[in-house]
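# Commentary on secondary and tertiary structure
Below are the chains, spelled out letter by letter.
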Amino acid sequence: MSPSTVRAVLSGHGILGLAFAAIIYLVCLTGTLAVFAHDIARWEQPDAPSTTMLVPGALDRAVRSAQASGPTHATLYVSLPSRAEPEAGIIAYTPALHREWAADRNGTLTERQTPIADFLVDLHVALHLPRAWGGFIVGLTGVALLSSLISGILAHPRIFKDAFHLRRGGARRLQEADMHNRLGIWALPFHVAIALTGALLGLSTLIVGVLAMLLYRGDTAKVYGLFTEAPPAANATTAPLPPLEPLLAQARHRSGRTEPIQIIIERAGRADARITVTSRRDRLLVPQDMMIFDVRGRVVKDQHPADLALGTRMLGGIGQLHFGWFGGLPVRLLYGLLGLALCIVTSSGVTIWLARRRDRGRAVPLWERLWAGVTWGQPLALALTGITGLVAPAQGGFLVWVWLAITAGSLIIAGAAKGFDASNGAARVRHLAAISILALALVYLLTRQIGLSGMAVELALLVGVGLLLRHPATKHRREGQTAR
Amino acid sequence: MTALAALVAVIGGLAGATLLRRAWEDRQRERVGLIVSGWAALAGTVLLDAAWAGWVKGSAVAVAGIGLAALIVVVQGRTVRAARAARSTSLAPEPLEGPSKAWRGWLKALLAGPLGMTAAMGIAFCYATWAPGDPRTRIIVGGLLMPVVWALAMTWTLADQRLLRSLAVLLGTTVAGFTLAAMRGLV
């Protein structure tokens, strides 16, 4: 590419980055935390039962309890425990309301109360806005991130020659540029996959809506119907559910080397009830074995990976690939670290622009302070929201207002505080964020009984505190020396 | 199984990235052998994980593990220098800067945003309706195409100074894409 084209692309990269930086940063930060949503849920409710297996009869007992306690006509989603995921749970879902329980090995239910994990996932997925609007904004953010990645690559003519250059301690702009480019390039396939799948997940409502308008006179059910089983003929006569354990045994027997992981029960208590058992295979990203039973326990449909269209298999994998929930803790850790890298790429992109302006004598101190307010204000806001969630777990709906107030407060204070320059201000907000995360860890110790999962999250919080308190650049080595 | 695949990915990534770093360290001559070995190590790691843990699952783990391993090699090889005043010029390319009119900014936003989106939808729906294969696969591939094409349109329109050309292409793509999709329907 000609130098002028490179400069034009770089200009577009800058405009796009600046326009979407704050929201990309927020979505990436909450997304990084959402990877650990299940770990956070176990941490905030340590008394929720955990089990690797259910005793005979426990499954039916748990389902009957959920049926009795949940909203009427709810669809029940039963997660079965395994050694990899030692948790049995039931969600009773209706479009208006849902309840969620964890089951112990005997099938006794404990209501789940995980406001912090729910808050984080909702913030990441739809910014706590109505789903269609929030999803669209997050999807648009994914497109902007994808475009920034494309323009970032195009604007980097020496991509391979510079692939391992990381200079620390010199001019701020060069430091940040090296960090931005190296983290952006080496984790590029991950960044692209996350941005693309996130964009599709966010924009799916819009895509389906427009496709339905174009082809089916606005009937979105016809588009969704291509991917879901048609409902059975209605029959509201009362009928008990069949025993579930024989159905699981049958699913295991018919599918060979698979492990049932979920049961979906629709129209429970009626003669037209439908029970779907989904099973997992080790080498597949998502479960693709499914057996459907009727209310008498007869097999209605037996489906295996070879029976599925490629599109249906892809659809199932998009969410798993995006959140990194498919391979246990090792994959979550990889996703978490690369997610943090994406947060740093976003943050350093704006810092480079600000430093360039300062180098040229056109500093924008207000924007420097505001960006410090975003970068370090968000960990602060999330930590204080977490403390609120620990102290008042029953007030889950209140958390979004706490987060909003702290976000607005940190931006107003950063914007109005003209007394200190941006680097001092950033250091102060960073230290505040570290103290608030430490406070989160301490409040946990005061309000919860600590278990193994609790200890892991506490340790992660303390590592976070240590990193935030650490001085960003070491200066004791001379230029040209390599840190080995 | 996945833990082992992640470990293989990190080890293979460390090996491949180390070879590539050595190859590119020497700016005076091309070290083709090292470059080929480095890329081969990375590709071999992806293939090994894919064959071991499943094509999609294994590849996803490998890509994430290699990314992390390469970043470890980058951080390990960092150069630390004494802080000094910034230079006024840099060897790195600088973005185009200059006076810009407000209407151009608004038009660029319109092109990169709504028009880019509709053009991308036009192409995605055109694919979903005209491409061969199962309609579910066409819809999902079309759905994946939409953000990619929109992102490309954003990149292009924000970099291109000829706004009327961008406007014509995006409008034309939108009209053609939607018309063709409506004509065909989901067969």
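Residues numbered from 1 in each chain as written. Chains lettered and ligands numbered in written order. Predicted model: local features only at pLDDT ≥ 70, side-chain atom pairs only at ≥ 80, totals over all residues.

### Description of the overall build of chain B
- The helix and strand tally for chain B stands at six helices and one strand.
- Over its C-alpha atoms chain B spans a radius of gyration of 23 Å, topping by over 25% the 16 Å that the globule rule assigns to 187 residues.
- In chain B, which comprises 187 residues, the proportion classed as buried is 45%.
- Restricting the contact set of chain B to residue pairs at least 6 apart, pairs at least 24 apart contribute 70%. (Helix = DSSP H or I, 4+ residues; strand = E, 2+ residues; numbered from the N terminus. Rg over C-alpha atoms; globule rule 2.2 N^0.38 Å. Buried ≥ 20, exposed ≤ 12 C-beta atoms within 10 Å, placed from the backbone. Contact = placed C-beta atoms within 7 Å.)

### Brief notes about the environment of Leu241(A)
All names here are of chain A.
- With respect to the element layout, Leu241 can be found in the loop between α8 (220-225) and α9 (244-255).
- C-beta crowding within 10 Å serves as the criterion here: with 20 such atoms nearby, Leu241 is assigned to the buried category.
- The sequence separation of Leu241 and Arg296 amounts to 55 residues, and the corresponding C-alpha distance is 7.5 Å.
- Dropping the residues within four chain positions of it, Leu241 is found in contact with Val63, Ile265, Ala268, Ala273 and Val295.

### Here's the deal with the confidence of the model for chain B
- Taken residue by residue, chain B gives an average pLDDT of 88. The fraction at 70 or more is 90%.
- Scored as a complex, the prediction yields pTM 0.91 and ipTM 0.89. (pLDDT = per-residue confidence, 0-100.)

### So, the packing of helix α1 (residues 3-34) of chain A against helix α4 (residues 115-126) of chain A
All names here are of chain A.
- Here α1 crosses α4 at 135 degrees, and the two axes come no closer than 9 Å. With respect to α4, the axis of α1 lies oblique. The two elements α1 and α4 meet at a crossing, and its hand is left-handed. Counting all contacts with α1, which are made through Val27, Thr30, Gly31, Leu33 and Ala34, the residues of α4 involved are Leu120, Val121, Leu123 and His124.
- Split into classes, the residues belonging to the contact of α1 with α4 amount to six nonpolar, three polar and no charged. (Axes fitted to C-alpha atoms, helices over the stretch in contact; angles between N-to-C directions. Parallel < 35°, antiparallel > 145°, perpendicular 65-115°, else oblique. Left-handed = near helix turned anticlockwise from the far one by under 90°. Nonpolar A, V, L, I, M, F, W, Y, C, P; charged D, E, K, R; others polar.)

### A closer look at the interface of chain B and chain A
- With 66 residues of chain B in contact, the opposing surface of chain A contributes 83 residues.
- Mapped onto the side of chain B that touches chain A, the elements with two or more residues apiece are α1 (2-25), α3 (55-76), β1 (79-80), α4 (102-130), α5 (135-159) and α6 (163-184) of chain B.
- In terms of residue count, the dominant contributor to the side of chain B that touches chain A is α5(B) (17 residues).
- Of the residues assigned to the side of chain B that touches chain A, the class counts are 44 nonpolar, 13 polar and nine charged.

### Some remarks on the nonpolar core
- Counting residues in hydrophobic clusters, the biggest one holds 156 residues, and the most contacted among them are Leu146(A), Ala120(B) and Ala124(B).
- Sort the elements by how many residues they give to this core and α1(A) lands first, with 15 residues.
- Each of two domains, domain 1 (2-76) and domain 2 (102-184) of chain B, supplies a minimum of three residues to this core.
- The residues touching Leu146(A), leaving out its near neighbours within four places in the chain, are Val192(A), Ala195(A), Leu196(A), Ala199(A), Pro147(B), Val148(B) and Ala151(B). (Core = buried A, V, L, I, M, F, W, Y, C linked by C-beta atoms within 7 Å. Domains from an automatic or database assignment.)

### Thoughts on the domain arrangement of chain B
- With domains assigned, chain B is organised as domain 1 (2-76) and domain 2 (102-184).
- Averaged C-alpha coordinates put domain 1 of chain B and domain 2 of chain B at centres separated by 35 Å.

### Re the sheet that holds strand β8 (residues 289-293) of chain A
Residues and elements named next belong to chain A.
- Reading across from one edge, β4-β3-β2-β1-β6-β7-β8-β9 is the order of the eight strands in this open sheet, with antiparallel pairing throughout. Two strands in the sheet have a free side with no partner beyond their single neighbour: β4 (109-111) and β9 (299-303). The average undirected angle you get between the axes of adjacent strands in this sheet is 20 degrees. (Pairing = 2+ DSSP bridges.)

### Section: the pairing of β8(A)
All names here are of chain A.
- Burial analysis of β8 places four of its five residues in the buried class, which makes it a mostly covered element.
- Here strand β7 (residues 274-280) pairs with β8 via five bridges, running antiparallel. Note that in β8 the partner of Thr278 across the bridge is Met290.
- By the bridge criterion, four bridges tie β8 to β9 in an arrangement that is antiparallel. By the bridge assignment for β9, Ile292 is matched with Lys301.
- Where β8 hands over to β9, the hairpin turn is made up of five residues, of which Gly297 adopts a positive phi near 85 degrees.

### Description of the packing of helix α2 (residues 37-44) of chain A against helix α15 (residues 452-469) of chain A
Residue and element names in this part refer to chain A.
- Closest axis-to-axis distance for the α2/α15 pair is 8 Å, and the angle between their directions is 115 degrees. Considering their axes alone, α2 and α15 lie roughly perpendicular with respect to each other. Here the hand of the crossing between α2 and α15 comes out left-handed. Together, Asp39, Ile40, Arg42 and Trp43 of α2 and Ser453, Gly454, Ala456 and Val457 of α15 make up the contact between the two elements.

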